[in-house]
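The residues making up each chain are set out below.
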Amino acid sequence: MGHHSLEETQGERREAAARAVDLVKTYGQGATQVVALDGVSVDFAANEFTAIMGPSGSGKSTLMHAMAGLDSFTSGSAYIGGTDLAGLSDKELTALRRDRLGFIFQSFNLVPTLTAAENITLPTDIAGRKVDQEWFEEITRRLGLAERLSHRPSELSGGQQQRVACARALVSRPDIIFGDEPTGNLDSNASREVLDILRNAVDADGQTVVIVTHDARAASYADRVIFLRDGRIVDELYEPTMDAILQVMSGIEG
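Residues numbered from 1 in each chain as written. Predicted model: local features only at pLDDT ≥ 70, side-chain atom pairs only at ≥ 80, totals over all residues. Heavy atoms only, no water.

S.K.: What's the story with the overall build of the chain in this structure? I'm lost.
M.R.: Secondary structure assignment for the chain yields nine helices and ten strands. The C-alpha atoms of the chain give a radius of gyration of 18 Å, which matches the 18 Å a tight globule of 254 residues would have. Projected onto its principal axes, the C-alpha positions of the chain cover 50 × 50 × 40 Å. When burial is assessed residue by residue, the chain has 46% of its 254 residues classed as buried. Sequence separation of at least 24 residues holds for 68% of the intrachain contacts in the chain that already meet a minimum separation of 6. (Helix = DSSP H or I, 4+ residues; strand = E, 2+ residues; numbered from the N terminus. Rg over C-alpha atoms; globule rule 2.2 N^0.38 Å. Buried < 20%, exposed > 50% of the residue type's maximum accessible area, 1.4 Å probe, protein only. Contact = heavy atoms within 4.5 Å.)

Structure (structure tokens):
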């Protein structure tokens, strides 16, 4: 019994923000079939920052896309809270992504014809919900965007554009923020800004953040790093240091 019971009661008290159960994703048929996810089971704890790493082609983006409702999967289950994505129609999936998830992509994904302010509130506007003005002001001030709100993306630096994308993800207080290589197109200063924003969202606002990254420095901001190889989870680290991350990566890239 021992320490086990404590973990069990904690588990009951805190439902995972997202979890995969035996998630399989294959492409093609027969001899040409590719197994992108080979039976992945993983929990992403609420109020935690998780990074997903692995060599190119390991399935890390596929895993995130499946769990975020951006991509279908072949078998198994993917849950956001208590909701199994496998049981949802396309329309329900779209609503779930819009209402409960925030996204930050490598390519910023801003609408070029809209101002920074309009880009930040776009998902909330589309959902037909009112923007919490006080929270909007707090987020844009915190992210150093207060003076930039009337600018269009083309008038902003890459780092500023990604901060707009971060504000867009944060402003609706989603259940989870998913980031797909969110620092992939940024220089080291802008990367650090974005990672500080995500770290602070977890520590100060109780957010849940899951990112895919190939950058050990980015992953070292996380509470936990999981490592994929050939569509399977092969290792994980809690409270990771850059050195520990690089060591695991060199072991699985060999």
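S.K.: Got a minute to help me understand the sheet that holds strand β4 (residues 75–80) in this structure?
M.R.: Two modes of strand pairing occur in sheets, parallel and antiparallel, and in both the strands are linked by backbone hydrogen bonds. Taken together, four strands build an open sheet; the order of strands is β2-β1-β4-β5 and the sheet is antiparallel. In the strand order of this sheet, the two ends are held by β2 (34–44) and β5 (83–84), each with one partner. Alignment of strand β1 (residues 18–27) against β2, held across eight bridges, turns out to be antiparallel. By the bridge assignment for β2, threonine 26 is matched with valine 35. Contacting β1, β2 and β4, helix α2 (residues 60–67) runs over the sheet at an angle of about 120° to β1. (Pairing = 2+ DSSP bridges. Axes fitted to C-alpha atoms, helices over the stretch in contact; angles between N-to-C directions.)

S.K.: Hey, could you run me through the pattern of salt bridges in this one?
M.R.: When their charged atoms lie close together, side chains carrying opposite charge are able to pair. Enumeration over the complete set of coordinates arrives at 13 salt bridges. Its salt-bridge partner being lysine 25, residue aspartate 71 comes within 3.3 Å of it at the nearest N-O pair. Here aspartate 71 is found in the loop between α2 and β4, whereas its partner lysine 25 is found in strand β1, with 46 residues between them in sequence. Residue classification places lysine 25 among the buried residues on the basis of a relative accessible area of 6%. (Salt bridge = Lys/Arg side-chain N within 4 Å of Asp/Glu carboxyl O.)

S.K.: Honestly, the pairing of strand β6 (residues 101–105) in this entry has me stumped. Any pointers?
M.R.: Successive side chains on a regular strand alternate, one facing one side of the sheet and the next facing the other. Of all five residues making up β6, five are buried, and the element is well covered by its neighbours. Pairing analysis gives five bridges linking β6 to strand β7 (residues 176–180), with the strands arranged parallel. Within β7, the residue paired with isoleucine 104 across the bridge is glycine 179.

S.K.: What exactly am I supposed to notice about the sheet that holds β6 here?
M.R.: With respect to topology, six strands assemble into an open sheet ordered β6-β7-β8-β3-β9-β10, the strand pairing being mixed. Here the strands that pair on one side only, and so sit at the sheet edges, are β6 and β10 (232–238). In this sheet, adjacent strand axes meet at a mean angle of 20° when their direction is disregarded. In this fold helix α3 (residues 90–100) packs onto β6 and β7, with an angle of close to 85° to the strand it touches most, β6. Packed on one face of the sheet, helix α6 (residues 158–171) meets β6 and β7 and runs near 170° to β6.

S.K.: Which parts of the structure should I look at to understand the nonpolar core?
M.R.: Formed by 45 residues in total, the largest nonpolar core has its most connected members in Phe49, Ile120, Leu143, Leu198, Phe227 and Ile245. Ignoring sequence-local partners within four residues, the contact set of leucine 143 consists of Arg163, Cys166, Ala167, Leu170 and Ile197. Of all hydrophobic cores here, the second largest spans 29 residues; its members include Ala18, Phe44, Ala66 and Leu101. (Core = buried A, V, L, I, M, F, W, Y, C linked by side-chain atoms within 4.5 Å.)

S.K.: Would you mind going over the packing of helix α4 (residues 116–126) against α6 with me for this structure?
M.R.: Packing of α4 against α6 leaves a shortest axis separation of 8 Å and a crossing angle of 30°. As α4 runs across α6, the sense of the crossing is right-handed. Here α4 contributes Ala116, Asn119, Ile120, Pro123 and Thr124 to the contact with α6, which in turn contributes Val164, Ala167, Arg168 and Val171. Residue composition of the contact of α4 with α6, by class: six nonpolar, two polar and one charged. (Left-handed = near helix turned anticlockwise from the far one by under 90°. Nonpolar A, V, L, I, M, F, W, Y, C, P; charged D, E, K, R; others polar.)

S.K.: How do you make sense of the packing of aromatic side chains when you look at a structure like this?
M.R.: Centre-to-centre distance and the angle between the planes together describe a pair of aromatic rings. Evaluated as defined, the whole model comprises two aromatic pairs. A centroid spacing of 5.8 Å and a plane angle of 10° characterise the contact between phenylalanine 103 and phenylalanine 105, whose relative ring orientation is stacked. Side by side, phenylalanine 103 and phenylalanine 105 carry an identical accessibility label, which is buried. Measuring from centroid to centroid gives 6.2 Å for phenylalanine 103 and phenylalanine 178, while their planes differ by 20°, and the two rings are stacked. Of the two residues, phenylalanine 103 is situated in strand β6 and phenylalanine 178 in strand β7; the sequence distance between them amounts to 75 residues. Residue classification places phenylalanine 103 among the buried positions, given a relative accessible area of 14%. (Phe/Tyr/Trp six-rings, centres within 6.5 Å; stacked < 30°, edge-to-face > 60°.)

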